[in-house]
Amino acid sequence: LKILVVEDDSDLAQALASALHDHSMVVDIASSLREAMNLAVDADHDILIVDRGLPDGDGLALIEFLRRSGRSTPALVLTAMGEVTERVRSLDRGADDYLAKPFSIDELMARIRALARRPVVRAQQISVAGRLRFDHESRQFQVGDKPLALTRRELLVLETLLLSTGRTVFRQRLLERIYGDADDIRSNSLDAHVSRVRSKLEQSGAGVEIHAIRGVGYLLKTSA
Amino acid sequence: MKPRSLRWRLVGNLVLLQVVASLLALLGVIAIFGAVGRFVDEGGERTVQIIGRSIEHTADGKLVLGATSEVQRLLGAAPNLWFVVRNSQGYELRHGDVPPRYVALLRVLDGKERSALDLAESVGRPAARFERIDTDGGTVNVMVQAGAPLSLVDKFKWIATAYLVLVAHTPFVIRRGLAGTVATAAKAEHIDIDRLETRLPMTQVAAEIQPLVAAVNRAFDRLDEGYKRHERFLADAAHELRTPIATLRIQIESLPQNTRGKPRLLRATTRLATLAEQLLDLQRLTREPASIDSVDLRLVCERVVGDLAPLVIMNGCSIAVDAPDSVRVRADVTSIERAVANLIQNAIEHGGEGCEIRVGVYPPATIEVSDSGPGIPEDQRGRIVEPFYRLRARGAGLGLHLVSEVARIHQGRLEIGSSDLGGASMRLVLATITS
């Protein structure tokens, strides 16, 4: 994956770059809007990580500029936490997702994975968490080298959780993924599916845990 | 020392002035009247009345003068006074040296009601007065000499009455004059740190007080400006902290997994980040007006718990939402989100490793965050909402202070108690304007 980081604070830009590099990503850094526009036009990035407050303008201007020139490169905006209106504005102006500063690398990677999944980019065919691997092409889970046997619904549960590793997946979203628009949505059967997936992961030593957040949803996380 | 009342000072001074001025005027009048000899019953009207009231009829139809106190005072003050009284039977009562021509005249005037007479042709002042008066024993004709001395009471009782009315109304007049000032003071009571833009109205106060009000308003302008500058500085400072904290966090996370002290470094960074956010949130609360909308508290809590679940799990705790029903209220969604987030962060901070956290939403408008930690001692519950109050040597930071501010702008309250999970229970109770 090739990523363009647009961030004027050189310390943060370097830290981001080296963290992304550790996850085998190629990183370009731009410290101003002008530089970012030049880089974004010339090179073909898979994902943009854009800070708002740049010395020569708002990072959202870059995204608008790219959208006008017909580029749909996924853009992740770094915003302030809790400022709902700012988040909404970012999304309205063409950003695909937002991340509040300060953020954890796990969170950043989860968002990058989610963005890279979009139809525009399917560079990464395999998602990994702990020893658990998921091949998007063959739709197969593996723990280490061994395939993990799952029913169709268990697989949908684990796929959904894996693609949001480190983030909460709300019950409603899981139910929609598993049952689609079918009439036979049985909310309590979701818990049964999850608990079977959980014990299979445990038995195979996948190195990931599924945490229940009662009343809200589930969260998959690599074991410490 | 109790300040002296302006109103009563004005009343006191004015009444004193009125008393002194009136007394001086009165004394002046008495002196002038005394000097020119006109301090008397010029027309004889009072003298006739006094004599008329004092007449008594004996059984055989004669007339006598009763010994009333006013007659004695009159005769004492005017020893040379003459008068003559005649009734319908022709009996006459004379006193003093009655000139014979007035006696003759009295008989002529039998049919008249009243008259001022001057047979001596003196200028301005009649010499005698004639009047018919009804008494218990029938109508009598009275003729008296004019110019008898008057008592002070008689001369000045109307002036005195007018004067008392004036004095009695002085406090009311002053109160009306001060009413605008009192209303302005009431307006000043509404100026608060949250409503710095309020200014005192200039229209209600008198011209003399306007400079004071204008000066106070200008002082408010300067304070307001200074306060806003201060607020902006704090907000900017907190905002500027974010980027270095983000850098620090990424660097620490990128350290090899087995680096000594990595978890502690991460925790410290998290606290630093939380503090910067809380500072920003507090500034936002005071700077921006709340945008009140219909909010489903259950949805808000689910969203916040979802956001914070990774942090909860990272700290070895577990979290659940207990919200049997939707609870819709009118509230500012951003500040409610931040309040719930801070309550959860507080529970993580104080609940310790492995603690259970439960976020409950109950009608009519309560959000309760309980934990299974050690709880909060009863004697510290009041103080824990103070900024940076430390409980068990761990900073509560600004979290609970922020929550109580959110409660305040929603006309609600933060209740601190103990929960059935064994630890603390924080209840954010909002005003129950359900929608």
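Residues numbered from 1 in each chain as written. Chains lettered and ligands numbered in written order. Predicted model: local features only at pLDDT ≥ 70, side-chain atom pairs only at ≥ 80, totals over all residues. Heavy atoms only, no water.

Caption draft 1: Representation of the overall build of chain B within the structure. Scanning chain B from N- to C-terminus turns up 10 helices and 18 strands. Relative to its 435 residues, chain B shows a buried fraction of 43%. Pairs at least 24 apart in sequence give 60% of the contacts found in chain B among residues at least 6 apart. With the model as given, the accessible surface of chain B reaches about 23,600 Å², and the carbon-plus-sulfur share is 57%. (Helix = DSSP H or I, 4+ residues; strand = E, 2+ residues; numbered from the N terminus. Buried < 20%, exposed > 50% of the residue type's maximum accessible area, 1.4 Å probe, protein only. Contact = heavy atoms within 4.5 Å. Areas by Shrake-Rupley, 256 points an atom, 1.4 Å probe, with all protein chains shown as cover.)

Caption draft 2: Region of the structure containing the overall build of chain A. Helices and strands together make up the secondary structure of chain A, namely 8 helices and 14 strands. The buried share of chain A, reckoned over its 224 residues, is 49%. Relative to all contacts within chain A whose residues are 6 or more apart in sequence, the contacts with residues 24 or more apart total 54%. Surface accessibility of chain A: about 10,300 Å² in total, with carbon and sulfur atoms responsible for 47%.

Caption draft 3: Molecular detail of the environment of Val6(A). Residue and element names in this part refer to chain A. Mapped onto the elements, Val-6 comes out in strand 1 (residues 2-6). Under the relative-accessibility criterion, Val-6 is labelled buried at 0%. Sequence separation between Val-6 and Leu-48 is 42 residues, and the spatial gap between their C-alpha atoms is 7.5 Å. Among all residues touching Val-6, those that are not within four sequence positions of it are Ala-30, Ser-32, Ala-36, Ile-49, Val-50, Asp-51, Leu-54 and Leu-62.

Caption draft 4: Examining the pattern of salt bridges more closely. Residue and element names in this part refer to chain B. In this structure the tally under the stated criterion is 28 salt bridges over all chains. In this structure, the salt-bridge partner of Glu-92 is Arg-86, at a minimum N-O distance of 3.3 Å. Among the residues examined, Arg-86 registers a relative accessible area of 15% and is labelled buried. With its nearest N and O atoms 2.7 Å apart, the salt bridge here joins Glu-337 to Arg-303. Note that Glu-337 is positioned in helix 9 (residues 333-351) and Arg-303 in helix 8 (residues 297-314), a separation of 34 residues in sequence. Residue Glu-337 is classed as buried on the basis of its relative accessible area, which comes to 11%. Linked through salt bridges whose partners overlap, the residues forming this network are Glu-368, Arg-413, Glu-415 and Arg-427. (Salt bridge = Lys/Arg side-chain N within 4 Å of Asp/Glu carboxyl O.)

Caption draft 5: Spotlight on the sheet that holds strand 6 (residues 114-117) of chain B. All names here are of chain B. A sheet is described by the order of its strands in space; here 5 strands give the open sequence 5-4-8-7-6, paired in antiparallel fashion. The open sheet terminates on both sides in strands that have one partner only, identified here as strand 5 (92-95) and strand 6. Across this sheet, the average inter-strand angle for adjacent strands is 15 degrees, counted without regard to direction. Relative to the sheet, helix 2 (residues 45-54) contacts strand 4 (83-87), strand 7 (128-135) and strand 8 (138-145), its axis offset from that of strand 7 by approximately 35 degrees. (Pairing = 2+ DSSP bridges. Axes fitted to C-alpha atoms, helices over the stretch in contact; angles between N-to-C directions.)

Caption draft 6: Layout of the environment of Met25(A). All names here are of chain A. Among the secondary structure elements, Met-25 is positioned in the loop between helix 1 (10-22) and strand 2 (26-30). Of the residues examined, Met-25 reaches a relative accessible area of 8% and is grouped as buried. Along the backbone, Met-25 and Leu-1 are 24 residues apart, and their C-alpha atoms lie at a distance of 5.1 Å. Setting aside residues up to four positions removed in sequence, Met-25 forms contacts with Leu-1, Ile-3, Leu-20, Met-109 and Ile-112.

Caption draft 7: Spatial organisation of the packing of aromatic side chains. Residue and element names in this part refer to chain A. Inspection of the entire model under this criterion finds 1 aromatic pair over all chains. When the ring of Phe-134 is compared with that of Phe-141, the centres are 4.4 Å apart and the planes differ by 35 degrees; the resulting orientation is tilted. Taking relative accessible area as the criterion, Phe-141 reaches 1% and is therefore assigned buried. (Phe/Tyr/Trp six-rings, centres within 6.5 Å; stacked < 30°, edge-to-face > 60°.)

Caption draft 8: View of unusual backbone geometry. Note that the residue after Pro363(B), namely Pro364(B), is joined by a cis bond; omega there is 5 degrees. Summarising the element assignment, Pro364(B) is placed in the loop between strand 13 (356-362) and strand 14 (366-371). Even without being glycine, Ser24(A) reaches a positive phi, approximately 55 degrees. Among the structural elements, Ser24(A) can be located in the loop between helix 1 and strand 2. At Gln411(B), a position not held by glycine, the phi torsion is positive, near 50 degrees. With respect to the secondary-structure elements, Gln411(B) resides in the loop between helix 10 (399-409) and strand 17 (413-418). For Gln411(B), a relative accessible area of 61% gives the class exposed.

Caption draft 9: Fine view of the interface of chain B and chain A. The partner chain A presents 31 residues to the 27 residues of chain B that form the contact. The junction of chain B with chain A conceals about 2,500 Å² of combined surface from both sides, 64% of it contributed by carbon and sulfur atoms. Between chain B and chain A we count 0 salt bridges in total. Counting the contacts that link chain B with chain A gives 4 residue pairs in polar contact (both at pLDDT 80 or more). Only helix 6 (210-253), helix 7 (262-287), helix 8, strand 11 (318-322) and helix 9 of chain B provide two or more residues apiece to the side of chain B that touches chain A. (Buried area = accessible area lost by both parts, 1.4 Å probe. Polar contact = N/O pair within 3.5 Å; in protein donor to acceptor, adjacent residues only side chain to side chain.)

Caption draft 10: Main features of the state of the cysteines. All names here are of chain B. Enumeration according to the criterion identifies 0 disulfides over all chains in this entry. Here Cys-317 is not cross-linked by a disulfide; its sulfur's nearest cysteine counterpart is in Cys-355, at 3.5 Å. The class of Cys-355 is buried, set by a relative accessible area of 2%. (Disulfide = S-S within 2.5 Å.)

Caption draft 11: Structural detail: the sheet that holds strand 10 (residues 140-143) of chain A. Residue and element names in this part refer to chain A. Spatially, 4 strands are ordered 8-9-10-11 in an open sheet, and the strand pairing comes out antiparallel. In the strand order of this sheet, the two ends are held by strand 8 (126-129) and strand 11 (146-147), each with one partner. Docked against the sheet, helix 6 (residues 152-163) engages strand 8, strand 9 (132-135) and strand 10, running at close to 105 degrees with respect to strand 9.

Caption draft 12: Focus on the packing of helix 2 (residues 33-42) of chain A against helix 3 (residues 59-68) of chain A. All names here are of chain A. At their nearest, the axes of helix 2 and helix 3 sit 10 Å apart, and the two run at 30 degrees to each other. It follows that helix 2 is roughly parallel to helix 3 by the angle criterion. The crossing of helix 2 and helix 3 is right-handed. Touching Leu-33, Ala-36, Met-37, Ala-40 and Val-41 of helix 2 are Gly-59, Ala-61, Leu-62, Phe-65 and Leu-66, all from helix 3. Here the contact of helix 2 with helix 3 is composed, by residue class, of 9 nonpolar, 1 polar and no charged. (Parallel < 35°, antiparallel > 145°, perpendicular 65-115°, else oblique. Left-handed = near helix turned anticlockwise from the far one by under 90°. Nonpolar A, V, L, I, M, F, W, Y, C, P; charged D, E, K, R; others polar.)

Caption draft 13: Up close: the nonpolar core. Counting 53 residues, the largest nonpolar core has Leu297(B), Ile336(B), Ile344(B), Ile357(B) and Val359(B) as the members making the most contacts within it. For this core, the element with the most residues is helix 8 of chain B, which contributes 10 residues. With 27 residues, the next largest nonpolar core counts Val143(A), Val157(A), Leu162(A) and Val194(A) among its residues. (Core = buried A, V, L, I, M, F, W, Y, C linked by side-chain atoms within 4.5 Å.)

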